[in-house]
Amino acid sequence: MMMRINLRLHTPMYFFLSNLSIIDIGISSSVVPKLVIITITQDKSISRLDCALQIFFHSALVTTECIILAVMAYDRYVAICKPLHYNTIMNKRFCISMSTVCWAVGCINCGIHVPYTLQLPFCRSHHVNHFFCEIPVILSMSCQDTRLHEVSMYISACTLGLSSFMLIVFSYIYIITTILNIHCTEGRHKAFSTCASHLTVVSLYYGPLMFMYLRPHFRNSPSTEKIASVIYTIVTPMLNPIIYSIRNKDIKITTEQAVIKLFHTLHR
């Protein structure tokens, strides 16, 4: 809706930002409603199907967000390091293709891991010592040797998560180098301000996620896992809109226009 109101938001950065917003809403929606139901009814049970759906949607969206954040870093790299070629490289077709790839990879990755995880025998306990169903927690409940699956999960996490993270790191190495070569202080500040929000989100997101999925299984602690999961599942999606809008003039102007439009509509 905001992109329709302000034509300035019809750019690749805001296109990927809208994808990020949808993902954040989806991540929270896959977890929070069930937590609310449990709180109200005090019924802590969850069916196998509900658990499977929760794992699939949550894991798929988390994976998709990892890749989207890397694509957004590449967008900032092209905008700052190759401004004359920006419109050519980041064209509409490329942006839609990259967005489609991000969503497809997230769904395919979870379509492989989730069915295998849920077919494991759970003879130790059926008590999920966590806020929601998540692959590392479910693996710890199985009485079968899960080392092979853990290795495959680590390989997948390293391939997708770390490769996305490294793309972000290399993008910002080039970005920072370019910014430092800008002689105008105002231009340097403007260039850095366009990246500050994205860097903040990446830091808040990747830290807990790597802690959760890349730690060895024998070092897992239920309490620390819960804290890490809450941060990247609830806290970070809640903070993202604030982080991206607090210093963004275009979003502030668009929000004001949307509020004024809504006010006039209600008072007709």
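Residues numbered from 1 in each chain as written. Predicted model: local features only at pLDDT ≥ 70, side-chain atom pairs only at ≥ 80, totals over all residues. Heavy atoms only, no water.

As named in an unreviewed UniProt entry, the protein is Olfactory receptor, taken from Xenopus laevis. What the UniProt record of the protein gives under Sequence similarities (unreviewed entry) is the line "Belongs to the G-protein coupled receptor 1 family." UniProt, in its Subcellular location (unreviewed entry) section for the protein, records the words "Cell membrane". (UniProt positions renumbered as here; feature names shortened; annotations may be inferred.)

## A few points about the overall build of the protein
Broken down by element type, the protein carries eleven helices and zero strands. Helices (α) and strands (β) of the protein occur, in sequence order from the N terminus, as α-α-α-α-α-α-α-α-α-α-α. Within the protein, the proportion of its 268 residues that are buried is 40%. Expressed as a percentage of contacts within the protein between residues at least 6 apart in sequence, the contacts between residues at least 24 apart total 74%. Summing over all exposed atoms, the protein offers an accessible surface of approximately 15100 Å²; the carbon and sulfur share of this is 69%. (Helix = DSSP H or I, 4+ residues; strand = E, 2+ residues; numbered from the N terminus. Buried < 20%, exposed > 50% of the residue type's maximum accessible area, 1.4 Å probe, protein only. Contact = heavy atoms within 4.5 Å. Areas by Shrake-Rupley, 256 points an atom, 1.4 Å probe, with all protein chains shown as cover.)

## A look at the packing of helix α2 (residues 12–29) against helix α4 (residues 48–81)
The packing of two helices is summarised by the inter-axis angle and the distance between the axes. One can describe the packing of α2 onto α4 by two numbers: an axis separation of 10 Å at closest approach and a directional angle of 160°. Taken together, α2 and α4 sit at an angle that is classed as roughly antiparallel. Of the two possible hands of crossing, α2 and α4 adopt the one that is left-handed. For the pair α2 and α4, the contacting residues are Pro12, Met13, Phe16, Leu17, Asn19, Leu20, Ile23, Asp24, Gly26 and Ile27 in the first and His58, Leu61, Val62, Thr64, Glu65, Ile68, Leu69, Val71, Met72, Asp75 and Arg76 in the second. (Axes fitted to C-alpha atoms, helices over the stretch in contact; angles between N-to-C directions. Parallel < 35°, antiparallel > 145°, perpendicular 65-115°, else oblique. Left-handed = near helix turned anticlockwise from the far one by under 90°.)

## So, the packing of aromatic side chains
Following the criterion strictly, the structure yields five aromatic pairs and no others. On the numbers, 6.0 Å between centres and 35° between planes, the contact of Tyr74 with Tyr77 is tilted. On the criterion of helical spacing, the pair formed by Tyr74 and Tyr77 is a turn pair, its members being three residues apart in helix α4. Considering the side-chain rings of Tyr74 and Phe94, the 6.3 Å spacing of their centres and the 50° angle between planes classify their relative orientation as tilted. Here the residue Tyr74 occupies a position in helix α4, and Phe94 occupies one in helix α6 (residues 92–118), the gap between them amounting to 20 residues. One aromatic cluster is present, formed by Tyr74, Tyr77, Phe94 and Tyr174 through successive ring pairs. (Phe/Tyr/Trp six-rings, centres within 6.5 Å; stacked < 30°, edge-to-face > 60°.)

## What to know about the UniProt feature "transmembrane region" (unreviewed entry) in the protein
Using the residue numbers shown here, the UniProt feature "transmembrane region" (unreviewed entry) corresponds to residues 12–32, 52–74, 94–116, 151–175, 196–215 and 227–246. The distance separating the terminal C-alpha atoms of residues 12–32 is 30 Å; by composition the span is 90% helix and 0% strand. Helix makes up 100% of residues 151–175 and strand makes up 0%, while its end C-alpha atoms are separated by 34 Å.

## Considerations on the packing of α2 against α6
Remark: α2 packs on α6, axes separated minimally by 10 Å, with the N-to-C direction vectors making an angle of 20°. On the basis of their axis angle, the class for α2 and α6 is roughly parallel. By crossing handedness, the relation of α2 to α6 is classed as right-handed. On α6, the residues that touch Pro12, Phe15, Phe16, Asn19, Ile22 and Ile23 of α2 are Cys95, Ile96, Met98, Ser99 and Trp103. Looking at the contact of α2 with α6, its residues break down into nine nonpolar, two polar and no charged. (Nonpolar A, V, L, I, M, F, W, Y, C, P; charged D, E, K, R; others polar.)

## Examining the nonpolar core
Leu69, Ile168 and Tyr205 are the most contacted members of the largest nonpolar core, which has 35 residues in total. Going through the elements one at a time, α2, α4, α6, α8 (147–180) and α9 (185–213) are the ones with two or more residues in this core. By residue number, the principal contributor to this core is α4, which donates 13 residues. When neighbours within four sequence positions are excluded, Ile168 is seen to be in contact with Leu69, Ala70, Ala73, Val202 and Tyr206. (Core = buried A, V, L, I, M, F, W, Y, C linked by side-chain atoms within 4.5 Å.)

## Quick word on the side chain of Ser164
Positionally, Ser164 belongs in helix α8. The exposure class assigned to Ser164 is buried, which follows from its relative accessible area of 7%. For Ser164, the residues in contact, after removing those within four places along its chain, are Cys66, Ile67, Ala70 and Tyr206.

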